[in-house]
Amino acid sequence: MARSILHMLTPLKHMSPFDVNMAIDAGFETLIPYTGVDLTDVVSLTQDSIFSRAPQDGVRTGIFIGGKNAELALDMVDRAKKAFVPPFVNHVFADPAGSFTTGAAMVAEVNRALKARFSTDLRGKRIVIFGGAGVVAYVAAVIGALEGAQTVLVGHDGEERVSKIAFTMKWRFGIEVGAVDGTAPEARRAAIADADVILSAGPAGVSILTAEDLESAPKLLVASDVNAVPPAGIAGIDVNAVDVPLPVGRGVGIGALAVGNVKYQTQCRLFRKMLEAQEPLCLDFRDAYQLAVEIAG
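Reading the values: rules and limits
Residues numbered from 1 in each chain as written. Predicted model: local features only at pLDDT ≥ 70, side-chain atom pairs only at ≥ 80, totals over all residues. Heavy atoms only, no water. Helix = DSSP H or I, 4+ residues; strand = E, 2+ residues; numbered from the N terminus. Rg over C-alpha atoms; globule rule 2.2 N^0.38 Å. Buried < 20%, exposed > 50% of the residue type's maximum accessible area, 1.4 Å probe, protein only. UniProt positions renumbered as here; feature names shortened; annotations may be inferred. Pairing = 2+ DSSP bridges. Axes fitted to C-alpha atoms, helices over the stretch in contact; angles between N-to-C directions. Contact = heavy atoms within 4.5 Å. Parallel < 35°, antiparallel > 145°, perpendicular 65-115°, else oblique. Left-handed = near helix turned anticlockwise from the far one by under 90°. Disulfide = S-S within 2.5 Å. Polar contact = N/O pair within 3.5 Å; in protein donor to acceptor, adjacent residues only side chain to side chain. Expected span 1.5 Å × (residues − 1).

Describing the overall build of the protein
In terms of regular secondary structure, the protein is built from 10 helices and 12 strands. Since a compact globule built from 297 residues should have a radius of gyration of about 19 Å, the 20 Å found for the protein is in line with a globular shape. With the C-alpha coordinates of the protein rotated into their principal frame, the extents come out at 60 × 35 × 30 Å. Burial analysis of the protein (297 residues in total) assigns 53% to the buried set.

Some points on the UniProt feature "domain: Methylene-tetrahydromethanopterin dehydrogenase N-terminal" (unreviewed entry) in the protein
The feature "domain: Methylene-tetrahydromethanopterin dehydrogenase N-terminal" (unreviewed entry), as given by UniProt, occupies residues 17–97 in the numbering adopted here. Secondary structure within residues 17–97 divides into 42% helix and 17% strand; the distance between the first and last C-alpha atoms comes to 11 Å.

Remarks on the pairing of strand S8 (residues 197–200)
By the alternation rule, side chains of S8 split into Val197 and Leu199 and Ile198 and Ser200, which are all buried. Of the pairings in the sheet, the one linking strand S5 (residues 126–130) to S8 comprises four bridges and is parallel in character. Note on S8: the bridge partner recorded for valine 128 is isoleucine 198.

Focus: the sheet that holds S5
Taken in spatial order, the seven strands make up an open sheet running S7-S6-S5-S8-S9-S11-S10, and their pairing is mixed. Single-partner strands in this sheet number two, and they are strand S7 (178–181) and strand S10 (242–245). Going from strand to strand, the sheet's axes swing by 25° on average, the running direction of each strand aside. As paired elements, S5 and strand S6 (residues 150–155) share five bridges and run parallel to each other. Paired with arginine 126 across the two strands is glutamine 150, which belongs to S6. Packing of helix H6 (residues 160–173) onto the sheet brings it into contact with S6 and S7, and relative to S6 it is tilted by some 145°. Packed onto the sheet, helix H9 (residues 256–276) meets strand S9 (222–225), S10 and strand S11 (252–254) and runs at close to 50° relative to S11.

Digging into unusual backbone geometry
Along the chain, proline 86 connects to proline 87 via a cis peptide bond; the corresponding omega equals 10°. Inspection of the secondary structure puts proline 87 in the loop between helix H3 (70–83) and strand S4 (91–94). The amide bond that connects proline 230 to the next residue, proline 231, takes the cis arrangement and shows omega of 0°. Locating proline 231 in the fold gives a position in the loop between S9 and S10. With phi around 55°, serine 119 is a residue other than glycine that occupies positive phi space. By relative accessible area, serine 119 is classed as exposed at 69%. Phi is positive for aspartate 243, which is not a glycine, with a value near 55°. Its location among the elements puts aspartate 243 in strand S10. On the accessibility criterion, aspartate 243 (11% relative accessible area) is buried.

Side note on the packing of helix H4 (residues 99–118) against H9
The N-to-C vectors of H4 and H9 enclose an angle of 125°; their axes lie 8 Å apart at closest approach. Relative to H9, H4 is oriented oblique. The hand of the H4/H9 crossing is right-handed. Touching Thr101, Thr102, Ala105, Met106 and Glu109 of H4 are Ala258, Val259, Val262, Lys263, Thr266, Gln267 and Leu270, all from H9.

Topic: the state of the cysteines
By the definition in use, this model includes zero disulfides. Unpaired in this structure, cysteine 268 has its nearest cysteine sulfur neighbour in cysteine 282, at a distance of 20 Å. With relative accessibility at 9%, the residue cysteine 268 sits in the buried group. Given the relative accessible area of 34%, cysteine 282 is considered partly exposed.

As for the side chain of threonine 266
Along the chain, threonine 266 turns up in helix H9. Side-chain polar atoms of threonine 266 contact the backbone oxygen of valine 262, separated by 2.7 Å. Setting aside its immediate chain neighbours within four residues, threonine 266 contacts Thr101, Ala288, Leu291, Ala292 and Ile295.

What about helix H10 (residues 285–296)?
Here H10 is 12 residues long and its end C-alpha atoms lie 15 Å apart, about the 16 Å a rise of 1.5 Å per residue gives. For H10, the secondary structure elements touched by its buried residues are H3, H4, helix H5 (135–146), H6 and H9. Trailing H10 by a residue or two, glycine 297 shows a phi angle of about 90°, which is positive.

Structure representation (structure tokens):
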């Protein structure tokens, strides 16, 4: 049997050691990182990878796309898919900055908590997402909208940047995502006034919502914070929190390690799916979410 090979593409200076470790531990035998990869490089790299092996070895060959930009990663996936010449086809898996699996795990954990604690789900819920210009927020917003929630991105530097991101989501996925300003404390409180769910995907070590802020969210059911560096992004949610009561109201909190546990298992199992598949796969955050829901329970 041909050796399993994973070609790892990133537009950054370095490929993430996290992703390298995950792929090796999942079972890939040979990994080759390609750094500083531009969108225009994807076709030639992909076709070099497919034409150098027999068609039946496509299931033993993968292309992983990293980086820190969700839109660019999705564009690279599209370029790779268009570069295939059936029957010469490889696996493709995108997870820039681990955001596709992290965002999927975050929403899956929220969905689990909604069902377990409140006998409901994401449909119709208002999900307010801080760190709205980041890649985890991007993924969480799209998944939430695709699941029937009303998702809203909160910008830390005004509304303009997150509005542009929301527009690209509508263009790419046909979904409506809101965008609001969260620069000042009063703006953040206004943003969460009708929230059923709050997600914090802002910078590590930055307090975004205090206990006093949460008093402005009387409908809040679940809040989740992926910040693992003190102080907490949302008051009352430490890294180990699993459905822990919030400082005010009836809502519960989910911390970074609970999300991280599901994220880790999701990324590992997606790599293994590539190795076990009988046909080439193309995996992104939608596949990650389906698996994360299964893992979260």
